[in-house]
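# Chains, contacts and geometry: an overview
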Amino acid sequence: MDSEGFELIRIESNRRIITAMIRLVFGVQTLSRTRLSVSPAIEAVEWLKLAATARRHPVFGAPGPGARGALRHPDVELLVDLLTAGTTSYMPDLLTPQPRTGPAERILDTQLAEIEATGQNDVEAQVLGTVEAHAGRPLPTRIRRLAESGGLPRRLAAGIARFWRETLHDDWPSLHTVLDRDIAERSRAAARHGVGRVFDGLHPSVHWIGDSLTIDTHHDHVVDLSDHDFVLAATALSWPTLMFQVDRVPQTTVYYPTNRLGTVDRRDPAGLPEVIGAMRTVLLSDLAIARSTKELATRHGVAASTISYHLSALRRARLVSRHQDGRHVLYQRTERAGSLVDNA
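### Here we look at the packing of helix α3 (residues 74–83) against helix α7 (residues 152–167)
Remark: α3 packs on α7, axes separated minimally by 7 Å, with the N-to-C direction vectors making an angle of 110 degrees. With respect to their mutual orientation, α3 and α7 come out roughly perpendicular. Contacts from P74, D75, V76, L78, L79 and L82 of α3 reach α7 at L152, R155, L156, A158, G159, I160, R162 and F163. By residue class, the composition of the contact of α3 with α7 is 10 nonpolar, one polar and three charged.

Below is the structure:
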């Protein structure tokens, strides 16, 4: 590992003065081994970080009580301890393996298997070395003990799997559709205009210059991608942040914010069902007037518990409001939600 420790690094904005860059040098075969993908692992980790730090997503709002409840599981709690041990600008890239080729529904399983199989040298370098160095204080005792004993990767993989099942599994198909649309658009752009145009359009800090992809950041670092795969992964739950991991060259990945979220309520309102899901779109359409959970369940032939689940998500995103009317709790869409539905 490079002594400066280049794990997964975040670029929050381009407002600061940039004095350095990461340079990814493409070999003769690199372009033919470059592909676009999704990464369920990065989505899970980013959603978990929002829940653990009580922050809101710009589009989806706060993760909510379900996610906060999942944080209490021992394996998830261990993962939170690791993610909050250092700074918020990076995390060990062993948590987010490069998405592999194969069926889309198997990507997460493959990533979890790779996390669990992380070698001891990588654990010691990334966790006992770099994370602790950036934290400026000793790691939590249980993380250190598990890292030294070789048991940490299995627990981290279990934590991500558990959090995914309890918070993102049901909503992943809708989110995946949004990301796939972005990937399809960029693939068409690459076919028409070349990959350089695609690279330049990823983020204001990313540029295609000669044989290299450069990223404005606070580190000077050169990565030779000759004879290695390179992945551009569309992301939603880290939106609108650009991230990249270059700690291990075979795992080099750039996580770019999908354009689809930024346009849903402005230039592409018809994409609303693909962002929040068909059921939630139907509910918003039906909530021009206030209705109860029971009434909505009857009108749409869906269990009341399912209606409650979707209404909770819509409330967290500030698309639905709730008020008491006698013995009944009524829900109604907000003004912002009304604009989204009307435009769609």
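### Notes on the side chain of S37
Within the element layout of this structure, S37 appears in strand β3 (residues 34–38). When its relative accessible area of 7% is taken as the criterion, S37 is described as buried. In contact with S37, other than residues within four places in its own chain, are P99, I107, I183, V231, L232, A233 and A234.

### Considering the packing of aromatic side chains
Applying the stated rule across the entire model yields six aromatic pairs. Between F199 and F230 the ring centres are 6.5 Å apart and the planes differ by 70 degrees, which places this aromatic pair in the edge-to-face class. You can see F199 sitting in helix α9 (residues 195–200) and its partner F230 sitting in strand β8 (residues 230–235), a full 31 residues away along the chain. Among the residues examined, F230 registers a relative accessible area of 0% and is labelled buried. Through successive ring pairs, a cluster of aromatic residues spans F26, F199, W208 and F230.

### Regarding the sheet that holds strand β12 (residues 320–325)
Here three strands make up an open sheet; going across it, the order is β11-β13-β12 and the pairing antiparallel. Of all strands in the sheet, those bounded by a partner on one side alone are β11 (291–292) and β12. Taken together, the two bridges between β11 and strand β13 (residues 328–333) define a ladder with antiparallel strand orientation. The partner of R291 across the bridge, within β13, is Y331.

### Considerations on the sheet that holds strand β7 (residues 221–224)
If you walk across this open sheet you meet the four strands as β5-β6-β2-β7, and the pairing is mixed. Of all strands in the sheet, those bounded by a partner on one side alone are β5 (206–209) and β7. Each strand axis lies, on average, 20 degrees off the axis of its neighbour in the sheet, ignoring direction.

### Brief notes about α7
The end-to-end C-alpha distance of α7 is 22 Å, a good match for the 22 Å that 16 residues give at a rise of 1.5 Å each. Listed in full, the buried residues belonging to α7 are L152, P153, R155, L156, A157, G159, I160, A161, F163, W164 and T167.

### Points about the environment of S308
Take S308: it is sitting in helix α14 (residues 304–316). Placed 12 residues apart in sequence, S308 and L296 show a C-alpha to C-alpha distance of 9.6 Å.

### Re the pairing of strand β2 (residues 20–25)
Pairing between β2 and strand β6 (residues 212–217): six bridges, direction antiparallel. By the bridge assignment for β6, M21 is matched with D216. Inspection of the sheet shows β2 paired to β7 by four bridges, in the parallel sense. Bridging across to β7, R23 finds its partner in V222.

Rules and cut-offs
Residues numbered from 1 in each chain as written. Predicted model: local features only at pLDDT ≥ 70, side-chain atom pairs only at ≥ 80, totals over all residues. Heavy atoms only, no water. Axes fitted to C-alpha atoms, helices over the stretch in contact; angles between N-to-C directions. Helix = DSSP H or I, 4+ residues; strand = E, 2+ residues; numbered from the N terminus. Parallel < 35°, antiparallel > 145°, perpendicular 65-115°, else oblique. Contact = heavy atoms within 4.5 Å. Nonpolar A, V, L, I, M, F, W, Y, C, P; charged D, E, K, R; others polar. Buried < 20%, exposed > 50% of the residue type's maximum accessible area, 1.4 Å probe, protein only. Phe/Tyr/Trp six-rings, centres within 6.5 Å; stacked < 30°, edge-to-face > 60°. Pairing = 2+ DSSP bridges. Expected span 1.5 Å × (residues − 1).

These values are about where atoms sit, not about what they do.
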